[in-house]
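# Chain and residue survey
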Protein chains: 2
Amino acid sequence: MSVLVVGSTALDSIITPKRQNPRLLGGSASHAGVAASFFAPVRLVGVVGDDFPRRYLALYRRHGIDLAGLQIAPGKTFHWEGQYEVNMNNRRTLKTELGVFESFFPALPSAYRQTPYVLLANIAPLLQHHVLDQMQRPKFVIADTMDLWLNTALAEVLRLLRRVDAVVLNDSEARQLTREDNVITAASRIHRLGPKYVLVKKGEHGSLLSGPGGMFLCPAYPLDRVVDPTGAGDSFVGGLIGYLAGARGRLEANLRRAMVYGSVVAAFCCEGFGLTRTAKVTRRDIEARAMRLKDLVRF
Amino acid sequence: MSVLVVGSTALDSIITPKRQNPRLLGGSASHAGVAASFFAPVRLVGVVGDDFPRRYLALYRRHGIDLAGLQIAPGKTFHWEGQYEVNMNNRRTLKTELGVFESFFPALPSAYRQTPYVLLANIAPLLQHHVLDQMQRPKFVIADTMDLWLNTALAEVLRLLRRVDAVVLNDSEARQLTREDNVITAASRIHRLGPKYVLVKKGEHGSLLSGPGGMFLCPAYPLDRVVDPTGAGDSFVGGLIGYLAGARGRLEANLRRAMVYGSVVAAFCCEGFGLTRTAKVTRRDIEARAMRLKDLVRF
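Here goes a summary of the coordinates provided. (Residues numbered from 1 in each chain as written. Chains lettered and ligands numbered in written order. Predicted model: local features only at pLDDT ≥ 70, side-chain atom pairs only at ≥ 80, totals over all residues. Heavy atoms only, no water.)

The next subject is the relation of the copies chain B and chain A. One copy of the chain maps onto the other through a rotation about an axis followed by a shift along the same axis. Overlay of chain B on chain A (RMSD 0.0 Å): rotation 180 degrees, translation along the axis 0.0 Å. In the structure described here, the two chain copies are related by an operation that fits a two-fold rotation axis. Judged by C-alpha distance, His 205 of chain B is the residue of chain B that lies nearest the rotation axis, at 3.0 Å. When the interface residues of chain B are mapped onto chain A, 100% of them are again interface residues, pointing to one common binding face. (Least-squares fit on C-alpha atoms with pLDDT ≥ 70 in both. Contact = heavy atoms within 4.5 Å.)

In structure tokens form, the structure reads like this:
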């Protein structure tokens with residue numbers, strides 16, 4: 001089955017202690033869309049400017065991503081510039097130029113409205129609502145968000161949480177949202193805000209799922225070298241919903257495996273700048289790491 | 001088979017935002033010894049002063065711990081006073097009174113010298129050496145240490161690493177020892193310093209094993225409430241070596257399960273001040289949590 005992904009489609013300029021990487025393909029929907037495409041057909045909803053490099057459109061297409069929902073508007077593509085410190089754990093935003101995103105309204109092609117799996121990747125919550133408003137009874141909706149929206153649009157985030165099956169946030173966001181330091185407790189409080197499934201990302205420490213079938217502790221694929229973690233969280237949730245859309249059987253059982261596959265794609269993402277590493281990955285590479293991860297936690 | 005545990009036997013006064021707990025039973029050997037006792041007979045090596053409460057001796061004995069190696073010296077028992085902040089992640093030492101530890105020399109009862117499993121729990125590395133010097137070809141030796149010894153007695157720690165089968169440290173200590181930020185890389189560098197097995201503790205994020213059979217990612221047992229994490233690391237390594245000593249079969253396979261059992265005992269430790277919770281635990285409670293942990297990581 002297909003996955004609809006809405007989120008940001010951007011150009012990222014990423015500075016690390018070792019390199020400068022101007023105008024890479026980035027944005028939550030780019031990372032999540034490519035990650036999902038390994039497992040299921042993807043329909044992209046987003047906007048880029050008329051400066052958007054054609055090679056990035058070609059990259060989407062190579063991953064079989066349906067671009068009927070990608071608007072190309074006159075103006076500049078959303079551009080983010082960020083810098084990582086030596087240990088790659090701290091990120092600083094140097095510049096955010098919204099460009100065509102400023103006036104973006106996600107009008108869905110009619111063929112998109114019945115997509116069964118929906119990923120509301122990180123983007124302004126009002127845009128996530130607009131997309132949901134246009135969907136016709138999707139099977140499974142997962143929403144991502146970020147600290148920025150918790151700070152500036154909390155009411156819209158809370159309204160969104162009542163409309164989705166699952167939410168994914170990182171541990172600090174889960175703490176911020178619930179004012180609860182313990183992530184296990186934080187996860188159970190987030191259920192009360194609406195979502196049946198709560199997924200908390202903990203970066204290199206893996207992630208956890210809380211749902212009606214209990215808890216699942218998902219390991220992160222261990223990496224001895226992180227080149228650029230930008231987009232790892234988006235890759236995680238993209239791989240996750242792609243796997244769910246491509247899998248048969250009970251959602252609850254699939255969800256655990258979906259997290260593992262999301263974790264594997266996220267690890268690939270960290271091994272290159274922007275999408276450079278992920279774009280070269282094959283399904284076979286992914287399966288090999290999923291198998292390895294199974295062995296790494298076996299006891 | 002039996003386990004010899006050498007380390008500190010202390011009185012801990014622990015202050016948290018909610019409570020003051022004066023003169024609890026503490027010290028690395030107390031936590032590790034009790035943790036190990038759930039799985040195998042334990043022989044304790046340490047020193048206490050003549051002020052050491054009899055009820056704590058009774059507690060050791062209730063856990064079947066052999067006290068022939070516990071010296072009772074004239075003077076005061078080692079006393080540590082520490083304070084935890086609200087989120088229980090930051091600990092501050094308020095007072096350290098060495099007492100009888102100042103002049104402690106661990107002379108082993110002759111019956112102890114052939115103990116097959118040896119845990120050099122956290123204590124001055126020179127004392128760890130003294131114990132090893134007296135052992136007759138132990139089957140498996142694991143050493144714990146702490147940042148204090150990396151700062152003040154690095155040469156002795158490095159010499160110790162060449163004499164042991166396994167070392168356990170927390171992630172920040174692994175980084176400090178290797179000057180390497182990535183823990184996977186840090187673990188592989190520590191192998192070059194001697195130990196065949198390297199275990200890195202990551203607190204609530206679990207632990208990892210690196211050894212000839214590859215890597216193992218051990219989950220932490222998830223807790224929604226941490227009362228007092230003092231001694232959790234000692235409980236982990238104590239439970240681990242206890243399980244190894246009590247188990248049959250190949251060490252490598254047992255080591256993974258041993259870490260899981262160590263993790264479970266460490267979680268119990270965190271649920272009460274000092275040893276109060278651990279001392280009430282049964283083997284059955286431990287098995288139940290080990291089973292639950294297996295389910296929590298299943299996919």
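Let us keep going from here.
Once that is clear, we can look at the sheet that holds strand 2 (residues 10-15) of chain B. Residues and elements named next belong to chain B. What the four strands build is an open sheet, ordered 3-2-6-7; its pairing is mixed. Lying at the two open borders of the sheet, with one neighbouring strand each, are strand 3 (20-26) and strand 7 (91-97). Taking the axes of each pair of neighbouring strands and ignoring which way they run, one obtains an average angle of 20 degrees across the sheet. The pairing of strand 6 (residues 79-84) with strand 7 spans six bridges and is classified as antiparallel. Note on strand 7: the bridge partner recorded for Tyr 84 is Arg 91. Across the sheet, helix 2 (residues 54-62) is in contact with strand 2 and strand 3; its angle to strand 3 comes to roughly 50 degrees. (Pairing = 2+ DSSP bridges. Helix = DSSP H or I, 4+ residues; strand = E, 2+ residues; numbered from the N terminus. Axes fitted to C-alpha atoms, helices over the stretch in contact; angles between N-to-C directions.)

In this section: the environment of Leu 293 of chain A. Among the structural elements, Leu 293 of chain A can be located in helix 10 (residues 283-297). Expressed as a C-alpha distance, the spacing of Leu 293 of chain A and Ser 263 of chain A, which sit 30 residues apart in the sequence, is 9.5 Å.

Attention now moves to the packing of helix 6 (residues 171-178) of chain B against helix 7 (residues 183-191) of chain B. All names here are of chain B. Across the interface, helix 6 lies against helix 7 with an axial gap of 9 Å and an inter-helix angle of 60 degrees. Considering the angle they form, helix 6 stands oblique to helix 7. When the axes of helix 6 and helix 7 are compared, the crossing they make is left-handed. Only Val 183, Ala 186, Arg 189 and Ile 190 of helix 7 make contact with helix 6, whose side of the interface consists of Asp 171, Ala 174, Arg 175, Leu 177 and Thr 178. Of the residues in the contact of helix 6 with helix 7, the class split is five nonpolar, one polar and three charged. (Parallel < 35°, antiparallel > 145°, perpendicular 65-115°, else oblique. Left-handed = near helix turned anticlockwise from the far one by under 90°. Nonpolar A, V, L, I, M, F, W, Y, C, P; charged D, E, K, R; others polar.)

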